Amino acid sequence: METPRMVVVESVEEVAQRAADYVEALLERKPDAVLVLPTGRTPVALYREMKRRYAAGRIDFSRARTFNLDEWVGVAPDEPGSYAGFMTEHLYSRVNLRPENCLIPDGLAADLEAECRRYEDRIRQVGGVDLAVLGIGQNGHIGFNEPGTSFEARTHVTAVDLSTQLANAYAFDGRPVPSRAITMGIGTILEARDILLLVTGPEKSEILLRALTGPVGEDVPASILRRHPSVTVVADYTAASRLAARPD
Ligand code: PGA
């Protein structure tokens, strides 16, 4: 299939609800499903919705396994900007995921290359990923797979683009944003059985247009999602505005 399924909705809240519907349906069908989860501004509303559904008795996470997409190198979980800290605040502390079932690359590991291999092994050991939930950076990155990253890449240590560092400065309380991160590779992400790409806000409209209608190439990492057999893009109308305006 060339074109991902597109779901365009009115609001950030509705994007979260649609995404939570996918998670809920998956965990109903397969309580020990393996999820890949993102961080950043985009998934905050999704995690709020997951918490609501858990509190309402609609979703049980007790057997679910999660792998995060990425983590900064050199940032401890209790420091500003940490994705481990983000996940604890927004999700782990609010639902019944078991700590031993929630993995994030360890950006403090003494041997980062070994940590990348360990992460890949863990994904393999649980039988691969059922659903990968992704955001997209304004430069088209998925995870920290910046433009130019090989589509075959496995989990690796990467240099973070300056534009990405700037886009994330808000989370670091004025401290310097690290220039390196560990990210799940595009090759790893593409092995997920289903992929959900969440896109919100007018600042993502240009890159969403390029990712979905421009050439598939490593200069726009998210463009490769069009070669995956099961991708659903859930976008609010501000992010999808340029697609809607595109002449046929
Ligand atoms: P954002 O980040 O949700 O904060 O926009 C998305 C990303 O960079 O992948």
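Residues numbered from 1 in each chain as written. Predicted model: local features only at pLDDT ≥ 70, side-chain atom pairs only at ≥ 80, totals over all residues. Heavy atoms only, no water.

**Looking at the overall build of the protein chain**
- Along its length, the protein chain carries eight helices and ten strands.
- Here the C-alpha atoms of the protein chain give a radius of gyration of 17 Å, agreeing with the 18 Å that 2.2 N^0.38 yields for 248 residues.
- As displayed, the protein chain has an accessible area near 11,000 Å², and 50% of this comes from carbon and sulfur atoms.
- Side-chain charges of the protein chain comprise 28 positive and 35 negative groups, with the mean position of each set lying 3 Å from the other. (Helix = DSSP H or I, 4+ residues; strand = E, 2+ residues; numbered from the N terminus. Rg over C-alpha atoms; globule rule 2.2 N^0.38 Å. Areas by Shrake-Rupley, 256 points an atom, 1.4 Å probe, with all protein chains shown as cover. Lys, Arg positive; Asp, Glu negative; His and termini not counted. Charge placed at Lys NZ, Arg CZ, Asp CG, Glu CD.)

**Notes on the sheet that holds strand 1 (residues 5-9)**
- If you walk across this open sheet you meet the seven strands as 1-10-9-6-2-3-5, and the pairing is parallel. Two strands lie at the open edges of the sheet, namely strand 1 and strand 5 (102-103), each paired on one side alone.
- As paired elements, strand 3 (residues 65-68) and strand 5 share two bridges and run parallel to each other. What sits directly across from T66, in strand 5, is C102. (Pairing = 2+ DSSP bridges.)

**Digging into the site of the ligand**
- The environment of the ligand is made up of G40, R41, T42, G135, I136, G137, H141 and K204.
- Taking R41, its main chain carries an N or O atom lying 2.8 Å from an oxygen atom of the ligand.
- In this structure, K204 approaches the ligand through a side-chain N or O atom, which is 2.7 Å from an oxygen atom.
- In isolation the ligand offers 280 Å² of accessible surface; the protein chains occlude 81% of this area.
- Looking at the shell around the ligand residue by residue, the class counts come to one nonpolar, five polar and two charged. (Near = heavy atom within 4 Å. Polar contact = N/O pair within 3.5 Å; in protein donor to acceptor, adjacent residues only side chain to side chain. Nonpolar A, V, L, I, M, F, W, Y, C, P; charged D, E, K, R; others polar.)

**Description of the sheet that holds strand 4 (residues 70-72)**
- Strand order in the open sheet made by the three strands is 4-8-7, with antiparallel pairing throughout. Across the chains shown, the open sheet's two edge strands, defined by having one partner strand only, are strand 4 and strand 7 (156-159). Averaged over all adjacent pairs, the angle separating strand axes in this sheet is 30°, with direction ignored.
- Bridge count between strand 7 and strand 8 (residues 180-183): four bridges; the pairing is antiparallel. Following the sheet pairing, H156 is matched in strand 8 by T183. (Axes fitted to C-alpha atoms, helices over the stretch in contact; angles between N-to-C directions.)

**Quick look at helix 3 (residues 83-92)**
- Where burial is concerned, most of helix 3 is hidden: eight out of the ten residues are buried.
- Summarising the contacts, the buried residues of helix 3 are in contact with strand 2 (34-37), helix 2 (44-55), strand 3, strand 4, strand 5 and helix 5 (162-168).
- In this structure S82 caps helix 3, since a side-chain oxygen of it lies 3.1 Å from the backbone nitrogen of A84. (Buried < 20%, exposed > 50% of the residue type's maximum accessible area, 1.4 Å probe, protein only. Contact = heavy atoms within 4.5 Å.)

Geometry only, nothing functional implied.
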